[in-house]
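The residues making up each chain are set out below.
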Amino acid sequence: MTEEEFGLGFQDAMVQYFRDKSGDIDPGNIISRMVNNKTASIGNIIKQGAEVNNHMYDVLNSLANNTYAMDIDEDVLETGFDPRTAVCMTNITAAMYESPETGAAWIDGLGLEPVGDAFPLLGDLSSRGQVFVDKSQNAVIVGIEGVPVIHKYFQRGFFGWLDLLVGGVHTFEYPCTQMFIHSNKDRCIELSEKYSHAKINSGFAPLDSVIVNALRPQLEKAAAMFDSKPKLYITGHSLGGPLAKNTLAQVLLRGYDEDFSSVTTYALGGPVVGNEAYVDMIDELIDMDDAPLYQIVNSYDPIPYFPAIFETQKVNKGNQTFLFDVNENRFVSEEPMRKFKAMPSNILLSFEGAHAPKTQYLPLARSMLSDYDYGTCEEICSVEQCGKYKCEDTCSGVL
């Protein structure tokens, strides 16, 4: 068999796999739907804006040279948000995009240990989750990958995007009747009755089977490693953002939080998870459990607005939502989010550049620490940007 014959056969097998998995939906039809009037409208929204902004030029240069500093509004700090923890969480979700070898070395450098293997959250080829522990800090962390990077994992990336396109919006199914519910069953029933019209974007929701058969065993194994109840953290970027938020909801509704002293979630650059009723349900749920959720978005990043990018009004992602306001050099509360604004015309950086974890979200998180030591930082290039972005971060002492 020639290399070309193998390639064509493999391609056909992948297409057939997707058809079988998605109910015989033709990937060709999905791709054709991507190139239509709606796609053009999205392109017009997220392309470079008309204004010239020299300040953004200075921001990008100072980020690349480790000289940028961002102030944090006091009302953000009053929520319990900790920028040191944000740096740790951003590192973890960024590491989830890497190859197994690179990701494992990155996680080890942060001072964390894996509990088990990574597992796909939305079925084969999809974003992965993995559970880690920091025994010295009595902490357990669920790290979640965004959409797999296509140039690293073509099949996982390509079919991951197709999964999102065919996911659709569906009525949220509360897990109240399932036998593994603990003392939270009455609360689950109460919320299901109050928010019966909650709808979830299915492409952003972890499968029930994964929550029960993959996540739950790793959480139980992790909790058993400690003499007292550990803290639980959940983090994700891009698609990992809504997956982290939805995983938080499942953990609380199913009573998995009973094994932990606290639950805190950092969701970065993630799309909107569902309709208003679903967002309100999660807000009430986390208030009941005192389980903070910090949703972090970057200026000029359109992904947190999806699938509501066409909305003329402001977009509500729920509590707590914070913005890297690079025009004011401040980290601010952003509820609801202001209308999306495209990148200035004099900045040749695509929306992917504004969305990048290693060259935007991570250095911006570091910029909030006035005492951050940039002495270890090395230059790398990633998603249209080059600079001293590779730094020896740690999760020690911040969980």
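Keep in mind that this is a model prediction, so the values were computed, not measured. (Residues numbered from 1 in each chain as written. Predicted model: local features only at pLDDT ≥ 70, side-chain atom pairs only at ≥ 80, totals over all residues. Heavy atoms only, no water.)

(A) Fine view of the overall build of the chain. Helix and strand counts for the chain stand at 14 helices and 14 strands. A sequence separation of at least 24 residues applies to 77% of the contacts in the chain between residues at least 6 apart. (Helix = DSSP H or I, 4+ residues; strand = E, 2+ residues; numbered from the N terminus. Contact = heavy atoms within 4.5 Å.)

(B) View of the packing of helix H9 (residues 185-194) against helix H12 (residues 276-289). In the contact formed by H9 and H12, the axes pass within 11 Å of each other and the chain directions differ by 155°. With respect to each other, H9 and H12 are oriented roughly antiparallel. As for the relative orientation of H9 and H12, their crossing is right-handed in sense. Here Arg187, Glu190, Leu191 and Lys194 of H9 come into contact with H12, specifically with Met281, Glu284, Leu285, Met288 and Asp289. The class makeup of the residues in the contact of H9 with H12 is four nonpolar, no polar and five charged. (Axes fitted to C-alpha atoms, helices over the stretch in contact; angles between N-to-C directions. Parallel < 35°, antiparallel > 145°, perpendicular 65-115°, else oblique. Left-handed = near helix turned anticlockwise from the far one by under 90°. Nonpolar A, V, L, I, M, F, W, Y, C, P; charged D, E, K, R; others polar.)

(C) Structural view of the state of the cysteines. For the structure shown, the criterion picks out four disulfides. A sulfur-sulfur separation of 2.1 Å characterises the disulfide bridge that pairs Cys176 with Cys188. As the torsion about the S-S bond is roughly -80°, the Cys176-Cys188 disulfide counts as left-handed. Residue Cys176 is found in the loop between strand E6 (169-171) and H9, and its partner Cys188 is found in helix H9; the two are separated by 12 residues along the sequence. Across this residue pair, the class does not change: Cys176 and Cys188 are buried. Cys381 shares a disulfide with Cys386; S-S distance 1.9 Å. Negative torsions about the S-S bond denote left-handed disulfides, and the value of about 110° found for Cys381 with Cys386 makes this one right-handed. In this structure Cys381 comes out as exposed when scored by relative accessible area, which is 56%. We classify Cys386 as partly exposed; its relative accessible area is 42%. The connectivity of the disulfide-linked cysteines in the chain, indexed sequentially, is 1-8, 2-3, 4-7, 5-6. (Disulfide = S-S within 2.5 Å. Buried < 20%, exposed > 50% of the residue type's maximum accessible area, 1.4 Å probe, protein only.)

(D) Expanded view of unusual backbone geometry. At the junction of Glu335 and Pro336, the peptide bond is cis and its omega measures out at -5° in the coordinates. With a phi angle near 55°, Asn138 is a residue other than glycine that sits in the positive phi range. Summarising the element assignment, Asn138 is placed in the loop between strand E4 (128-134) and strand E5 (139-144). Judged by relative accessible area, which is 22%, Asn138 ranks as partly exposed.

(E) A look at the nonpolar core. Counting residues in each nonpolar core, the largest one holds 52 residues, and the members touching the most others are Val140, Tyr174, Leu219, Leu232, Tyr278 and Met281. With eight residues, helix H10 (residues 208-223) is the largest single contributor of residues to this core. Residues contacting Leu232, with those up to four places away along its chain left out, are Val140, Val142, Leu219, Val251, Phe260, Ser262, Val263 and Thr264. (Core = buried A, V, L, I, M, F, W, Y, C linked by side-chain atoms within 4.5 Å.)

(F) Spatial organisation of the pattern of salt bridges. Scanning the model with the defined rule gives 14 salt bridges in all. The partner of Lys194 in a salt bridge is Glu284, with the nearest N and O atoms 2.8 Å apart. Here the residue Lys194 occupies a position in helix H9, and Glu284 occupies one in helix H12, the gap between them amounting to 90 residues. Under the relative-accessibility criterion, Glu284 is labelled buried at 18%. The partner of Arg338 in a salt bridge is Asp325, with the nearest N and O atoms 3.7 Å apart. Here Arg338, found in the loop between strand E12 (330-333) and helix H13 (351-355), pairs with Asp325, found in strand E11 (residues 321-325); they are 13 residues apart in sequence, far enough to count as distant. Owing to a relative accessible area of 38%, Arg338 belongs among the partly exposed residues under this scheme. Residue class for Asp325 comes out buried when judged on its relative accessible area of 7%. A network of salt bridges, in which partner residues are shared, links Asp71, Asp73 and Arg330. (Salt bridge = Lys/Arg side-chain N within 4 Å of Asp/Glu carboxyl O.)

(G) Structural view of the packing of aromatic side chains. Inspection of the entire model under this criterion finds 13 aromatic pairs. Between Tyr266 and Tyr294, the ring centres sit 5.1 Å apart and the planes meet at 55°, which makes this aromatic pair tilted. Of the two residues, Tyr266 is situated in strand E9 (residues 262-268) and Tyr294 in strand E10 (residues 293-298); the sequence distance between them amounts to 28 residues. For the pair Tyr266 and Tyr294, one class covers both residues: buried. A connected cluster of aromatic rings, assembled from ring pairs, spans Phe81, Tyr266, Tyr294, Phe322, Phe324, Phe331 and Tyr361. (Phe/Tyr/Trp six-rings, centres within 6.5 Å; stacked < 30°, edge-to-face > 60°.)

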